[in-house]
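Structure assessment
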Amino acid sequence: MATMSVAPPVSGVLLNDFSLQVATVNGSGSQSSNLVLLRTIFQMGVPISGKNLFPSNIAGLPTWFTIRASRHGYVARKKEIDFLIAMNPETVREDVLGLDPGASVLYDEPLKANDLRHDVTFYPVPFDKLVAGVCPDAKLRKLVRNMIYVGCAAHLMNMEMEEVERALRQQFKKKQKAADLNWGAVKAGFDYAVTNFPQPDRCRLERIAGALSKTAGKIIIEGNAAAALGCLFAGVTVVAWYPITPSSSLCEYLIEYLKKYRRTPDGKATFAAVQAEDELAACGMVLGAGWMGARAMTSTSGPGISLMSEFVGLGYYAEIPGVIFDIQRVGPSTGLPTRTAQGDLGFVATLGHGDTRQIILLPGSVEECYEMGIAAFDIAERYQTPIFVLSDLDLAMNHWMAEPFAYPTKPLDRGKVLRAEDLTRLKGDWGRYRDVDGDGIGYRTLPGTDHPAAAFFTRGSGHNERAQYSEKSADYTNNLDRLKRKWEGAREHLPPPVVEHTDSGEVAVIAYGSTQAAMVESLDQLREHKINASYLRLRAYPFAAMVREFVAAHQRVYVVDQNRDGQMFELLQLDLGPELASRLRSVRHYNGLPVDARSLTDAIVALEGAK
Amino acid sequence: MSTTAPTPPLVKLNRLGLPQSDYRGSKTTLCAGCGHNAISERIIDACYEMGVDPHRFVKLSGIGCSSKAPAYFLGRSFGFNSVHGRMPSVATGAVLANASLQALGISGDGDTASIGLGQFLHLMRRNLPLIYIIEDNGVYGLTKGQFSATADLGAKQKSGVINEMPALDTCALAVLSGATLVARSFSGDKKQLTAILKAALAHRGTVMIDVISPCVTFNDHEGSTKSYKFVLEHEEAMQELSFVPSFEDIAVDYDPGTTLDVPMHDGSHLRLRKLGVDFNPTDRQQALRVLTDANANEEVLTGIFYVDTKKPDFIAQLGMVDTPLAQLPENVVRPAPAVLEEVMASLQ
Ligand SMILES: Cc1ncc(C[n+]2csc(CCOP(=O)(O)OP(=O)(O)O)c2C)c(N)n1
Ligand code: SF4
Ligand SMILES: [Mg+2]
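Computed from a predicted model, the values in this text were never measured in an experiment.

With that settled, the discussion passes to unusual backbone geometry. The amide bond that connects A:G331 to the next residue, A:P332, takes the cis arrangement and shows omega of -5°. As for its position among the elements, A:P332 is in the loop between β13 (322–328) and α12 (345–349). For the bond running from A:Y541 to A:P542, omega is 5°, close enough to zero to count as cis. Relative to the helices and strands, A:P542 is located in the loop between β21 (540–541) and α18 (545–552). Here A:N16, not a glycine, exhibits a phi torsion of approximately 50°, which is positive. With respect to the helices, strands and loops of the structure, A:N16 is situated in the loop between β1 (14–15) and β2 (17–25). On the basis of relative accessibility, which here comes to 4%, the residue A:N16 falls in the buried class. A positive phi angle, close to 55°, is found at B:N127, a residue other than glycine.

Next up, the structure:
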């Protein structure tokens, strides 16, 4: 019979503030159980995040799902695991030995985790025996087995069972029978824990009720779903993609939404979605559609970006709008396909051969995946160039809380397009690449425009203002200088940096993208170390002028990158020039895991100590 | 951008009231005598005679001497000279965005059969409504005469090098992978090529035309199998082709025993009078057999190998609205606030 092993004195209750990790093998159907746990805590008013650490494999390899509950609202990865649910024989040893003393382990009894050490609390649970009791059909047992730990955790952590049931029924939506079966397993786990583990664990939940609730009205969503919603409400009409982790779910969500919400009353599609033969083709389709006047997008990850580079150069030079989501994973090459990084930034900033400068948007939250998903299309058509949205696996595939997204208030900006009547007014005198307004952006016409002077010839070879083939040096430099003007002009028209905290002191931090969650927590930790840092979060490249002012106002500015080479640090150095660049210090995180606050804090504290 | 001068009264006009000069492009920069120039001429003829509206026509290409050609015809149509071997994807995006325009893609044998083979096959497979022309000279003209993948086994390069690799037959590949009108012609065969181009303009789906188009500078010598001389000596036309456009009287008689009448998408009729072999171009298996035999016999077999006027094109397969996607207004493409509320509620 299971007994609790003797645990050292617990260091105190972790009320609404702990991390819970479930270690399983992938393909074992634990995702539903994990999401029920996540939603239950969320429904109790406690802020959460859920991160799935999974292998590049379909079934049988280790996978970890980590839920962080934080009454402070910290949603980044927490370095330490406070409560482990150990289900995987392959990793149980490593998982248990990796815990800090005082942590708790709920485990499948035959794994004998309690033999491994004596300074953590063990909760052995006979999963096979319990599941046999609630699931007569042996074939289904594998699927409901994991619900037992939900019940055990519910008891140990004081979860409200009504909320567990609500979360479970939402998870199984209309599948009533499956929901009932799983609910039976939850209850069996709960009853077992009540009998065998009468003491609650130190990781404990308590409802944050009413006005104090930090989750009421909020949603839980993955960044890729949020970005897909952005595309939907941006009015995307052509979607071309090639599957690659971690970007696939963006187009998959988008296609699901398009099929549901973008049909005419007679069932016709107001979009075209194509699974292309590769990323070159996906990018070519985006450019072809953009040239024709449609709003087109693709999503990919590093290897796909590499393949797209020739087309991106064409889009830049021939000035064709398009939106490319790069959901970054760990490179170089195939790298770690299911781990996260911000490693494509430097490559994308000048993607394409020759002199190129791209425009990049950097969402730092799921809200921004949605908002920038919309804005990217406006910017692409305004600037007539491919726009990159750089997300990453952590933001894109993990579960984040957010305020419900706001409906766009601005109408679509379709950019500078001349219609037949405009051409008549201009008496046919126009030039596709002529800088009429001084902003480097020419006017374009769309194929099909019914005017004898409408047509022009688009090419990636040298051209003059009238889009005619030209090898003249003057035409070439004129064109390249205008393109640079156009890019420079974008600086103040992209999502501006967010200065989230300013302190006139010496120290500042610059971060971007998914680092945001860890950064806000780290800033609080830094204050405990008497470091009061200002914080600027970049949201786009090229940088707005206020970035320069921000750096100029501080002595030491830490630039946080999730890559080995400090790619944003390098871009900032180039942009700011030698004098201001000397104020920058690089902080780099690149182990493939989402960045955590403690690592950032430790790095900055160390550098401050050594200043 | 040029405006049209008032038309002198004696110039012949087509059914849109346009003179043939309105179908010309800028002056060619290709070598004098290059087969590609003759193909441009035939495209001009076919579009003029069919009364194609230049505003409703788009031209796309990859990279190569051949891919430069779109600048030299239909100057009042939009053109897009893209990157090497990737015209199919650009054309796919363009056609999806506005399927109401007629699209024509020009490629070379290097552009199609080497760097672009993957995109080429996938375009055929989708049956995208597009006319795809390979201006096939067996060499890379623009990079000065290296063999391409359509060069025949044993063909001699100008330098004397013999080609050791078997040729890829782009027509067989097109038939296999799903194109719905597949033909081969010769840049020097004015009548046949014009008839095929007209049929192409009347078809809905992917048309693939491989046009043997000699490169006078790098592949027109003794020992070449893509020279004018070789093609003239070895060409074997399968059918005598005639084309009756939808706007003309169809009364002309034909003998159903020797001639196949193919009603086209736009109401036109394509007539194929058999020459030599007894051949039915709606039979895929037979098309592949005939092509294989011709390759074995070193014949330059021309004519229409395959036609299927029933298979739905890519636009029909996708179930798209009739209005071009590029022209859908904001209230159609941006769902209402209630949709966002519904999605948000499902995530709470
Ligand atoms: C990515 C890339 N690789 C190589 C080239 C160089 N290149 C230009 S045209 C060409 C071959 C063209 O041959 P083909 O398509 O047969 O056209 P032709 O000139 O014979 O009409 C090559 C290899 C290029 N433009 N782009
Ligand atoms: S090099 Fe050959 S293919 Fe190119 S233009 Fe001259 S003749 Fe034509
Ligand atoms: Mg060639």
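This next bit is on the coordination of the magnesium ion (ligand 3). Residue and element names in this part refer to chain B. The protein atoms that coordinate the magnesium ion (ligand 3) are D109 (OD), N137 (OD1) and V139 (O), at distances of 2.1 Å. For the magnesium ion (ligand 3), all donor residues lie on one chain, and their spacing in sequence is D-x27-N-x1-V. Of this pair, D109 sits in helix α4 (residues 109–113) while N137 sits in the loop between β4 (130–136) and β5 (139–140), and the two are 28 residues apart along the sequence. The residues D109 and N137 share a single accessibility class, namely buried.

Once that is clear, we can look at the site of ligand 2. Around ligand 2 lies a shell formed by B:L30, B:C31, B:C34, B:H36, B:C65, B:N137, B:C215, B:V216, B:T217 and B:F218. Tallied by class, the residues present in the shell around ligand 2 amount to seven nonpolar, three polar and no charged.

Here the focus is the confidence of the model for chain A. Note that predicted coordinates carrying low pLDDT should not be read in detail. Residues and elements named next belong to chain A. Mean pLDDT over chain A stands at 95; residues scoring 70 or higher make up 98%. For chain A, strand β18 (residues 498–501) is the element with the lowest average pLDDT, namely 88, and strand β14 (residues 359–361) is the one with the highest, namely 99. Within the model, the stretch residues 1–10 combines pLDDT values under 50 with 20 contacts to residues more than four positions away or in other chains.

For the rest of this paragraph, the subject is helix α8 (residues 223–234) of chain A. Residue and element names in this part refer to chain A. In a regular helix each residue adds 1.5 Å, so 12 residues correspond to 16 Å; α8 covers 16 Å between its end C-alpha atoms and thus fits that length. Counting buried positions along α8 gives 12 out of 12 residues, so the element sits mostly inside the fold. Three or more residues of α8 are buried, namely G223, N224, A225, A226, A227, A228, L229, G230, C231, L232, F233 and A234. Taken from the residues just after α8, G235 is the one with a positive phi, measuring 80°.

Residue and element names in this part refer to chain A. Tracing the sequence through the fold places W241 in strand β10 (residues 238–241). Using a relative accessible area of 7% as the deciding quantity, one classes W241 as buried. Between the alpha carbons of W241 and E252 there is a distance of 9.5 Å; along the sequence they are 11 residues apart. Every residue in contact with W241, bar those within four places of it in the chain, is listed here: S248, C251, E252, I255, V274, Q275, A276, A282, T298 and S299.

Turning next to the side chain of A:R432. Residues and elements named next belong to chain A. Looking at the element boundaries, R432 is found in the loop between α15 (420–425) and β17 (457–459). The side chain of R432 is buried and forms no salt bridge, while E319, the nearest opposite charge, is found at 5.0 Å. A polar contact is formed between the side chain of R432 and the side chain of Q384, at a distance of 3.0 Å. Excluding residues within four positions of it along the chain, R432 makes contact with A318, E319, Q384, G442, Y443, R444, F456, E465, R466 and A467.

Looking now at the site of ligand 1. As a structural note, the neighbourhood of ligand 1 is formed by 18 residues, with B:C65, B:S66, B:G110, B:D111 and B:G141 the closest of them. Surrounding ligand 1 is a set of residues that belongs to chains A and B. At a separation of 2.9 Å, an oxygen atom of ligand 1 approaches a polar side-chain atom of B:H36. Take B:L142: an N or O atom from its main chain is 3.0 Å from an oxygen atom of ligand 1. If ligand 1 stood free it would expose 590 Å²; the protein chains cover 77% of that surface. Mapped onto the shell around ligand 1, the elements with two or more residues apiece are α2 (65–68), α4 and β5 of chain B. In terms of residue count, the dominant contributor to the shell around ligand 1 is α4(B) (three residues). Looking at side-chain class alone, the shell around ligand 1 contains six nonpolar, nine polar and three charged residues.

Analysis parameters
Residues numbered from 1 in each chain as written. Chains lettered and ligands numbered in written order. Predicted model: local features only at pLDDT ≥ 70, side-chain atom pairs only at ≥ 80, totals over all residues. Heavy atoms only, no water. Helix = DSSP H or I, 4+ residues; strand = E, 2+ residues; numbered from the N terminus. Buried < 20%, exposed > 50% of the residue type's maximum accessible area, 1.4 Å probe, protein only. Donors = N, O, S within 2.8 Å, 3.2 Å for Na, K, Ca; no water. Near = heavy atom within 4 Å. Nonpolar A, V, L, I, M, F, W, Y, C, P; charged D, E, K, R; others polar. pLDDT = per-residue confidence, 0-100. Contact = heavy atoms within 4.5 Å. Expected span 1.5 Å × (residues − 1). Lys, Arg positive; Asp, Glu negative; His and termini not counted. Salt bridge = Lys/Arg side-chain N within 4 Å of Asp/Glu carboxyl O. Polar contact = N/O pair within 3.5 Å; in protein donor to acceptor, adjacent residues only side chain to side chain. Areas by Shrake-Rupley, 256 points an atom, 1.4 Å probe, with all protein chains shown as cover.

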